[in-house]
Amino acid sequence: MPLARRPRRHDHSPPRGRRPLLTLLFALVGLLGAAAGHAAGPLDLPEMGSSSSTVLSAEQERQIGESAMRSLRSALRLLDDPVVESYVQNLGDRLAAYANETTYQFTFFVVDDPSINAFAMPGGYIGVHVGLILAAESEHELAAVLAHEIAHVTQRHIARQVERQNRMGLPGAAAILAAMVLSQYSPQAAQAALATYTAGSIQMAINHTRAHEYEADRVGIQLLARAGFDPEAMPAFFERLQRHARLHGSAPPEILSTHPVHASRIADARHRAEEQRGETREESVAFHLAQARLRVLLSREPRAVAADFQRELAADNHGHPETLRYGRALALLEAREVAAAQTLVAGLLEESPDQLEYLLLKAEVEKTAGHAERSAESYRELVELYPGNVALTRAYASTLMEFGRAGEARTLLRDHLRYNEADAQLYHLLARAHSELGEAAAAHQAMAEHYYLNGNVHRAVEQLRQALRRDDLGAHERARVNARLENMELESNPRRQVSNP
């Protein structure tokens, strides 16, 4: 089966729009509001700059971020592609390794949206739009945006915003907190939500956000320099966005709505970048490979894209011509010109035998050509080379399922989920594997986790109830399912949680 002509979605998500985003907002408000019974009256918060802890611990931030991600998976299109996902996570990890604050375990994900934008959520969850990756003219520019978002997290801007609302009590602070998460994706919906609580808080929240932007620039520029990226990429990208906004008038890049750029901010960023100037690393070929792959995935005319890559190769003015050959091979594979794609892949691997993107493309070519054993073996080798890589594991499991090897897929998925962070799509594949093997109770449990991670607790609860009706559920497993069911029912009913602390 060839590559999808559009990036695949992690789940059968509803169309984009304000309603799912508002659902995210109210889910977050409910999550924090459930704790209101333990904190009546004004919050006793420290002054800014105090060494005492803020109202939110790092663990609480992580829990809020996880809850937000569960809702986002059902509200947004998330890219499901092993190359681009792995690249963005690796780039983010390289930057985060140089952050002063090491409390957070960062998760970077890609939103299938052509607009130029990125956003951060509590606990280290950072989303990057496909449009931003394609708009970046260098890896340094993309790294600059990620560094800015990492700084929003490490500087605890969300927790500090709650401190600003210290007379509102926890329910009001929860509304502000949830709206801040939402504001980085949909400012209009966030302001509407704030207005439902108190109109007087809106301007203070906006002003504080401007201060956060300056601080995220400062910390992000320091982070870029430490990680070996060009710190001047940040003000340079700002300037290019501003020029783009002037040219397009009423339709500026979306990132300018969530991260306002003006002359004084650019000047400040440029001054700070000059102070941090030093040796910079060369941008990786992986950046250009990710861009080439996105060009193919987003196209509905693979042969036309293949011709575009060929013209660019003939022009001979690209710094990384091998990435153009890679893009052409992908496009030819998508057009089902398998033999031509295979020839290009063989040449790429001869030059760079250890390049992950080329090895994965080889497995994709084998899969499309119907060579089940060779394809599965290629994926197995990749998973062994990159253990814990969720995107590769997903691709390998999908291939095993496609070629009727459900037992192997089940073992692979169970092992991965036992030692790595939960993933909704992996649980969906695991449910399929259990179902094909006739293990109905286990299939219901896996689907419950799939729905839970996609923010649909009610459907998750129903799946667990169906599992409990099965005769093939052992006593030990039944007790475990009952415990999981009780936890989910508590989460889906915050009032019950408060009344039974």
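Residues numbered from 1 in each chain as written. Predicted model: local features only at pLDDT ≥ 70, side-chain atom pairs only at ≥ 80, totals over all residues. Heavy atoms only, no water.

Glancing now at the overall build of the protein chain. Broken down by element type, the protein chain carries 25 helices and 5 strands. Per-residue burial over the protein chain gives 55% buried out of 501 residues. Restricting the contact set of the protein chain to residue pairs at least 6 apart, pairs at least 24 apart contribute 68%. Surface summary for the protein chain: the accessible area is close to 22,000 Å², and the carbon and sulfur share equals 49%. (Helix = DSSP H or I, 4+ residues; strand = E, 2+ residues; numbered from the N terminus. Buried < 20%, exposed > 50% of the residue type's maximum accessible area, 1.4 Å probe, protein only. Contact = heavy atoms within 4.5 Å. Areas by Shrake-Rupley, 256 points an atom, 1.4 Å probe, with all protein chains shown as cover.)

Here the focus is the sheet that holds strand 5 (residues 125-129). Pairing within the open sheet is mixed, and its 3 strands lie in the order 3-5-4. Either end of the sheet is taken by a strand with one partner, and the two such strands are strand 3 (107-111) and strand 4 (118-121). Each neighbouring strand pair of the sheet contributes to a mean axis angle of 20°, computed without reference to strand direction. Lying over the sheet, helix 3 (residues 82-96) contacts strand 3 and strand 5, oriented at roughly 140° with respect to strand 3. (Pairing = 2+ DSSP bridges. Axes fitted to C-alpha atoms, helices over the stretch in contact; angles between N-to-C directions.)

Tracing the backbone shows Gln222 in helix 9 (residues 201-226). Between the C-alpha atoms of Gln222 and Ala147, which are 75 residues apart in sequence, the distance is 8.9 Å.

Okay, helix 23 (residues 457-468) next. An α-helix turns once every 3.6 residues. As a result, residues three or four positions apart point the same way. Between its first and last C-alpha, helix 23 extends 17 Å over 12 residues, near the 16 Å set by a 1.5 Å rise per residue. Looking only at helix 23, the buried set comprises Val457, Ala460, Val461, Gln463, Leu464, Ala467 and Leu468. End-on view of helix 23: buried residues confined to an arc of 160°, all on one side of the axis. (Expected span 1.5 Å × (residues − 1). Arc of directions from axis to C-beta.)

On to the packing of helix 22 (residues 440-453) against helix 23, then. In contact at an axis separation of 8 Å, helix 22 and helix 23 are set at 170° when each is read in the N-to-C sense. As the angle between them shows, helix 22 and helix 23 are arranged roughly antiparallel. Mapping the contact onto sequence places Ala441, His444, Gln445, Met447, Ala448, Tyr451 and Tyr452 in helix 22 and Val457, Arg459, Ala460, Gln463, Leu464, Gln466 and Ala467 in helix 23. When grouped by side-chain class, the residues that make up the contact of helix 22 with helix 23 number 9 nonpolar, 4 polar and 1 charged. (Parallel < 35°, antiparallel > 145°, perpendicular 65-115°, else oblique. Nonpolar A, V, L, I, M, F, W, Y, C, P; charged D, E, K, R; others polar.)

Under the counting rule described, the total for this entry stands at 6 aromatic pairs. Arranged with centres 6.5 Å apart and planes meeting at 50°, the rings of Tyr87 and Phe287 form a pair that is tilted. Placement of Tyr87 in helix 3 and of Phe287 in helix 13 (residues 285-297) is noted, with a sequence separation of 200 residues between them. Ring plane angle 20° and centroid distance 6.0 Å describe the contact between Phe106 and Phe108, whose orientation is recorded as stacked. Note on accessibility: Phe106 and Phe108 belong to one class, buried. Feature note: the residues Tyr104, Phe106 and Phe108 constitute an aromatic cluster, connected by ring pairs. Sitting above the plane of the Phe309 ring, Arg295 keeps its charged end 4.2 Å from the centroid. Of note, Arg484 hangs over the ring of Tyr452, and the distance from its end group to the ring centre comes to 4.7 Å. (Phe/Tyr/Trp six-rings, centres within 6.5 Å; stacked < 30°, edge-to-face > 60°. Lys NZ or Arg CZ within 6 Å of the ring centre and 35° of its normal.)

It is worth spelling out helix 21 (residues 424-436) at this point. Its 13 residues place the ends of helix 21 19 Å apart at the C-alpha level, agreeing with the 18 Å of an ideal helix rising 1.5 Å per residue. For helix 21, the full list of buried residues reads Ala424, Gln425, Leu426, Tyr427, Leu429, Leu430, Ala431, Ala433 and His434. Buried residues belonging to helix 21 abut helix 2 (58-75), strand 2 (79-80), helix 19 (390-402), helix 20 (406-419) and helix 22. N-cap assignment for helix 21: the residue whose side-chain oxygen lies 3.1 Å from the backbone N of Gln425 is Asp423. Positive backbone phi, approximately 80°, marks Gly438, located one or two places after helix 21. (Polar contact = N/O pair within 3.5 Å; in protein donor to acceptor, adjacent residues only side chain to side chain.)

The side chains of a regular strand alternate, first on one face of the sheet and then on the other. Burial analysis of strand 5 places 5 of its 5 residues in the buried class, the great majority of the element. Judged by which residues are buried, strand 5 turns out to be covered on both faces: Tyr125, Gly127 and His129 on one side and Ile126 and Val128 on the other are all buried. Relative to strand 5, strand 3 is paired through 5 bridges, and the arrangement is parallel. Residue pairing across strands places Thr107 opposite Tyr125, the latter belonging to strand 5. When strand 4 meets strand 5, the two strands line up antiparallel, connected through 4 bridges. When the bridges of strand 5 are listed, Phe119 appears paired with Gly127.

Tracing the backbone shows Arg70 in helix 2. Looking at Arg70, the relative accessible area reads 9%, which means it is buried. Engagement of the side chain of Arg70 in a polar contact is seen with the side chain of Tyr452, the distance being 3.4 Å. Dropping the residues within four chain positions of it, Arg70 is found in contact with Tyr452, Leu453, Asn454, Gly455 and Glu491.

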